[in-house]
Structure formats: structure tokens, C-alpha cells
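Okay, here's what each chain looks like letter by letter:
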Amino acid sequence: MKLLALDTATAACSVAAWDDGEVVERFEWVEHGHSERLLPLVDEVLAEVGWELTQCDALAFGCGPGSFTALRIGAGVTQGLAFGADLPVVPVSSLAALAQGQNAPRVLAAFDARMSQIYWGAYARNAKGLVELIGQERVTSPADLALVGNEIWLGAGNGWTVYRQALRQAVGEAVEISDDDLYPHARDVAELAAGSVEAGETVKAEEAVPRYIRNNVAKKRGK
């Protein structure tokens, strides 16, 4: 199976070609430069693996949550590529992709959502080595992050960096907080998408849309 995967949910931008578990990826810190770098990264990855886009079985993209503008760019590029090559699409949670990339059985993935909030989700790894969401992905204040069960979790993502003190007060010592500023990778988007493609769980190009979780984009900090 050949997949091309993209992720633009955060200040990082990545593209990966996935061929039955073999991966070639480009990953860059772009901050606000997703629109300038995403298509060049697609071209670089396809050139390295020697594929035409039409040789892919499907496209996958990190559908969010994350930066509203960057998510729209990623979804728009995915739609355009999928339309042009007549390919199905698999939307993959960017929080799940972050969790998939961690070497831990249980991950509390959290992104800074601004306005003193975080996007977060709890993920446990199954027997196949893939993370599965426990409960729902949410946007809350750091103080409202809730632990699931009594196990030790890994806290990953820039939400844990920005709101470290508040999150530590909320979860106590049940979470080992990563000291790295971790971001989702397209290679992990592809790994999670592969099973969906095999199961026929894909969407049409026009259905490749961002999942924001929080829809009130006009709200200002402190309002």
C-alpha cells in the first residue's frame, strides 16, 4: 500500500510517503509558512521515492485540532491533490498522530489552543501498536484536563510546555511530562491511516475538511 500523508496542524509542517511501513518524510519548522512550504515538500518526497501521485492508494492528512489557518491550508492542498489524482482521503487526528509517535503505552497529547486553553486527548496503544482514543478529544482550560484510570501517562505536545505548572497541578505525579516540544509527524499520520484504507474507511476529496473542535474563532483572549 502506498500513501502520501501531510500534517500542518502546528507550527511544524511535514509530508511522508508510506509504502507498507517504509517511510520517507520531510519535516520542517515553518511557523506561519505552511502555504509556501507544503507543496514543495510534497514534490521533494514524491521525487525521492520516485512516485507519481496517481500511484498512491490514498492520501492522508492531519485534520486537527490545531492552528485554524494551517489546518485550512493542509485540507485545501489535500483536496486539490485528491481531486487531481482521483484518490480517496483519510482524515487523521493530529493529536492521535502526536501520540502515535511517542514511545509510550498511554499518552495525554495536548496542544496550546491559545486563549488559556488546550486541545487534548487520551490515547492508549493497542495490540497492533496503534493508539486509540479513550473518550473524546476536547478543548478545555489546563485545569480541566482529566486523567483516565490509575496508570502512568506520558504528557506530550506543546500544551505541556506552555501550561506546565497548571497541568502539573491538575494531574499530579500520574503524568511523566516530556521535556521536548513535540509535534505531530506525517509519518505517524500515514501509519494510523493505513488501517483505515484497508478497511475502506475513507472519504471523498470534498469531505477532507479540518476538525477544529473549537469553532469560535473570533473569541479573544480574556473575553
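A short tour of the structure in this document, coming up.

Conventions used here
Residues numbered from 1 in each chain as written. Predicted model: local features only at pLDDT ≥ 70, side-chain atom pairs only at ≥ 80, totals over all residues. Heavy atoms only, no water. Helix = DSSP H or I, 4+ residues; strand = E, 2+ residues; numbered from the N terminus. Rg over C-alpha atoms; globule rule 2.2 N^0.38 Å. Buried < 20%, exposed > 50% of the residue type's maximum accessible area, 1.4 Å probe, protein only. Areas by Shrake-Rupley, 256 points an atom, 1.4 Å probe, with all protein chains shown as cover. Lys, Arg positive; Asp, Glu negative; His and termini not counted. Charge placed at Lys NZ, Arg CZ, Asp CG, Glu CD. Pairing = 2+ DSSP bridges. Axes fitted to C-alpha atoms, helices over the stretch in contact; angles between N-to-C directions. Contact = heavy atoms within 4.5 Å. Salt bridge = Lys/Arg side-chain N within 4 Å of Asp/Glu carboxyl O.

**Considering the overall build of the chain**
Scanning the chain from N- to C-terminus turns up six helices and ten strands. Computed over the C-alpha atoms, the radius of gyration of the chain is 17 Å, within 12% of the 17 Å expected from 2.2 N^0.38 for a compact globule of 223 residues. Reported as C-alpha extents along the three principal axes, the dimensions of the chain are approximately 50 × 40 × 25 Å. Per-residue burial over the chain gives 51% buried out of 223 residues. About 10400 Å² of surface is accessible on the chain, with carbon and sulfur atoms providing 46% of the total. Seen as two clouds, the 19 positive and the 30 negative side-chain charges of the chain have centres 10 Å apart.

**A word on the sheet that holds strand β5 (residues 89–93)**
Spatially, five strands are ordered β3-β2-β1-β4-β5 in an open sheet, and the strand pairing comes out mixed. The sheet is open, and its two edges are formed by β3 (22–29) and β5, each paired on a single side. In this sheet, adjacent strand axes meet at a mean angle of 15° when their direction is disregarded. Judged from the six bridges that link them, strand β1 (residues 2–7) and strand β2 (residues 12–19) form a sheet pairing that is antiparallel. By the bridge assignment for β2, L3 is matched with W18. Together, β1, β4 (58–64) and β5 form the strand contacts of helix α2 (residues 68–85), whose direction differs from that of β4 by roughly 165°.

**Thoughts on the pattern of salt bridges**
The full count for this structure, using the stated rule, is nine salt bridges. Of the charged contacts, one joins E44 and R26 as a salt bridge, the two residues approaching to 3.3 Å between their closest N and O atoms. Here E44, found in helix α1 (residues 34–49), pairs with R26, found in strand β3; they are 18 residues apart in sequence, far enough to count as distant. We classify E44 as partly exposed; its relative accessible area is 31%. For E48, the salt bridge is made with R26, and the minimal N-O distance between the two is 2.6 Å. In this pair, E48 sits in helix α1 while R26 sits in strand β3, placing the two residues 22 residues apart along the sequence. Each of R26, E28, R37, E44 and E48 takes part in salt bridges that share partners, so that together they form one network.

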